[in-house]
Amino acid sequence: MPGVFSEIVGIDIAPDMVKVSSTLDTSGKAKFYVRGQEPQGDLFDVVVEIGVANYTDFDAELAYANAHLKSGGTYILSIAGSNSLSGYMGGDTGYQNFLSYPEYEKKIEAVFMIEKTIPVGLRLPILWKMPAIARIVQPVLEACLRIPLRNLFHEKVYMLKRRQG
């Protein structure tokens, strides 16, 4: 996103992912680190964590993001809930260890202010047996069901604000 950010820092637990990311960056604005080896004391305007928080110590992830955000900074976080349709259908084996969305939200609200929640990915495997139809029907169903069935979606993306101070 040229012109949007003056600098981007990528942090990952996998050294190989850091290496690949470093070789793919052509902007000269990005820096990549293995988690735990990043410069200490850096605070950021935005921290993004997509698709991994469920598989970690969730409280520790919230604390890590909070410690690396400027006051009033934004944390974009995606999580899957055990009470989602995927959880009920026995999706990923990890779902047995996931919390429900309300349980996650209680933990989130202890550290951050929830600005916005966007449910994404309503899992409808039977529909995807007909991909040509699914590409048309899935987005329409998701748009119509996003509000009334928000906890059944595969994931929720949270726009969170770090509390001032």
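Above this note sits the structure.
Structural notes, computed from the coordinates. (Residues numbered from 1 in each chain as written. Predicted model: local features only at pLDDT ≥ 70, side-chain atom pairs only at ≥ 80, totals over all residues. Heavy atoms only, no water.)

## A look at the packing of aromatic side chains
Our working rule: Pairing of aromatic rings covers Phe, Tyr and Trp, the last counted by its six-membered ring, and requires centre-to-centre distances within 6.5 Å; plane angles under 30 degrees mean stacked, over 60 mean edge-to-face, and any other angle means tilted. Helix and strand definitions here come from DSSP, where helices need a minimum of 4 consecutive H or I residues and strands a minimum of 2 consecutive E residues; each element is numbered from the N-terminal end. Classification of residues uses two cut-offs on accessible area relative to the type maximum, computed with a 1.4 Å probe and protein chains only: under 20% is buried, over 50% is exposed, and between them is partly exposed.
In the structure shown here, the tally under the stated rule is three aromatic pairs. With 5.4 Å between their ring centres and 80° between their planes, Tyr55 and Phe98 make a pair best called edge-to-face. Of the two residues, Tyr55 sits in the loop between β3 (44–49) and α2 (58–68) while Phe98 sits in the loop between α3 (85–88) and α4 (101–109), which places them 43 residues apart along the sequence. Look at Phe98 and you get buried, because its relative accessible area is 7%. With a centroid separation of 5.1 Å and 45° between ring planes, the pair formed by Tyr75 and Phe112 is classed as tilted. Here Phe112 lies in strand β5 (residues 112–120) and Tyr75 lies in strand β4 (residues 69–79), a separation of 37 residues in the sequence. Across the pair, exposure class does not vary: Tyr75 and Phe112 are buried alike.

## A word on the side chain of Ser100
Stated formally: We call two residues in contact whenever any of their non-hydrogen atoms come within 4.5 Å of each other.
Looking at where Ser100 falls in the secondary structure, it is placed in the loop between α3 and α4. Judged by relative accessible area, which is 13%, Ser100 ranks as buried. Residues within four places of Ser100 in sequence aside, it is in contact with Ser82 and Asn83.

## Looking at α2
Heads up, the rule is: Think of it as the arc spanned by the lines of direction from the helix axis to the C-beta atoms. Side-chain atoms alone can form a polar contact between residues adjacent in sequence; in general such a contact is a pair of N or O atoms within 3.5 Å, and within protein one must be able to donate a hydrogen while the other accepts it.
Along α2, the residues classified as buried are Phe58, Glu61, Leu62, Tyr64, Ala65 and His68. Down the axis of α2, the buried set is contained in an arc of 160°. They therefore lie on one face. Each element contacted by the buried residues of α2 is listed here: β1 (8–12), β3, β4, α4 and β5. The opening residue of α2, the one whose side-chain oxygen lies 3.2 Å from the backbone nitrogen of Asp59, is Asp57.

## With respect to the pairing of strand β6 (residues 155–162)
The condition that has to hold: In this scheme, strands are said to pair when DSSP sees at least two bridges between them.
In terms of burial, β6 is a largely internal element, six of the eight residues being buried. In the sheet, β4 pairs with β6 via six bridges, with the strands oriented antiparallel. Along β6, the bridge assignment pairs Ile79 with Lys156. As defined by bridge partners, β5 adjoins β6 across eight bridges and the pair is classed as antiparallel. Following the sheet pairing, Thr117 is matched in β6 by Tyr158.

## What to know about the environment of Glu155
Note that Glu155 resides in strand β6. The spatial distance from the C-alpha of Glu155 to the C-alpha of Ser84 is 7.7 Å, given a sequence separation of 71 residues. Setting aside anything within four residues of it in sequence, one finds Glu155 in contact with Gly51, Ser78, Ile79, Ala80, Tyr101, Ile118, Pro119 and Val120.

## Section: the nonpolar core
What counts is decided by this rule: In plain words, nonpolar cores are sets of buried Ala, Val, Leu, Ile, Met, Phe, Trp, Tyr and Cys residues tied together by side-chain atoms within 4.5 Å.
Membership of the largest hydrophobic core comes to 18 residues, with the highest contact counts inside it found for Phe58, Tyr75, Leu77, Ile79, Ile108 and Phe112. Here this core takes four residues from β4, the largest share from any one element. Apart from residues lying up to four places away in sequence, Ile79 is in contact with Ala53, Asn54, Phe58, Tyr101, Tyr104, Ile108, His154, Glu155, Lys156 and Tyr158.

## Here's the deal with a nonpolar patch on the surface
To keep it simple, the criterion reads: Two joining distances apply to patches: 9 Å for like charges and 5 Å for nonpolar side chains (Val, Leu, Ile, Met, Phe, Trp, Tyr), and every residue must have over 30% relative accessible area and no salt bridge. Throughout, the Shrake-Rupley method with a 1.4 Å probe supplies accessible areas, and for residues the shown protein chains are the sole cover considered. Salt bridges, as used here, are contacts in which a Lys or Arg side-chain nitrogen is within 4 Å of a carboxyl oxygen on Asp or Glu.
A contiguous nonpolar patch, built from Val4, Phe5, Ile8, Val46, Val48 and Ile50 and spanning about 490 Å² of accessible area, is present on the exposed surface. Within the secondary structure, Val4 is located in the segment before β1.

## Describing the layout of surface pockets
Rules: Here a cavity is any set of points on a 1 Å grid over the protein atoms alone where a 1.4 Å probe fits but cannot get out, and a pocket is any open set with protein on both sides within 12 Å along at least 5 of 7 lines; a residue lines the site when it has an atom within 4 Å of a point. Grid points are joined across faces, edges and corners, and a volume is the space filled by probe spheres set on the points. Under this grouping Gly is polar, as are all residues other than the nonpolar Ala, Val, Leu, Ile, Met, Phe, Trp, Tyr, Cys and Pro and the charged Asp, Glu, Lys and Arg.
The calculated volume of the largest pocket comes to roughly 1,100 Å³. Surrounding the largest pocket, 30 residues form its lining, Val9, Gly10, Ile11, Val47 and Val48 being those nearest its centre. Residue assignment for the lining of the largest pocket shows that the elements contributing at least two residues are β1, α1 (15–24), β3 and α2. The element contributing the most residues to the lining of the largest pocket is β3, with six residues. When the residues that make up the lining of the largest pocket are grouped by side-chain class, the tally is 18 nonpolar, five polar and seven charged.

Bear in mind that shape data such as this cannot, by itself, settle questions of function.
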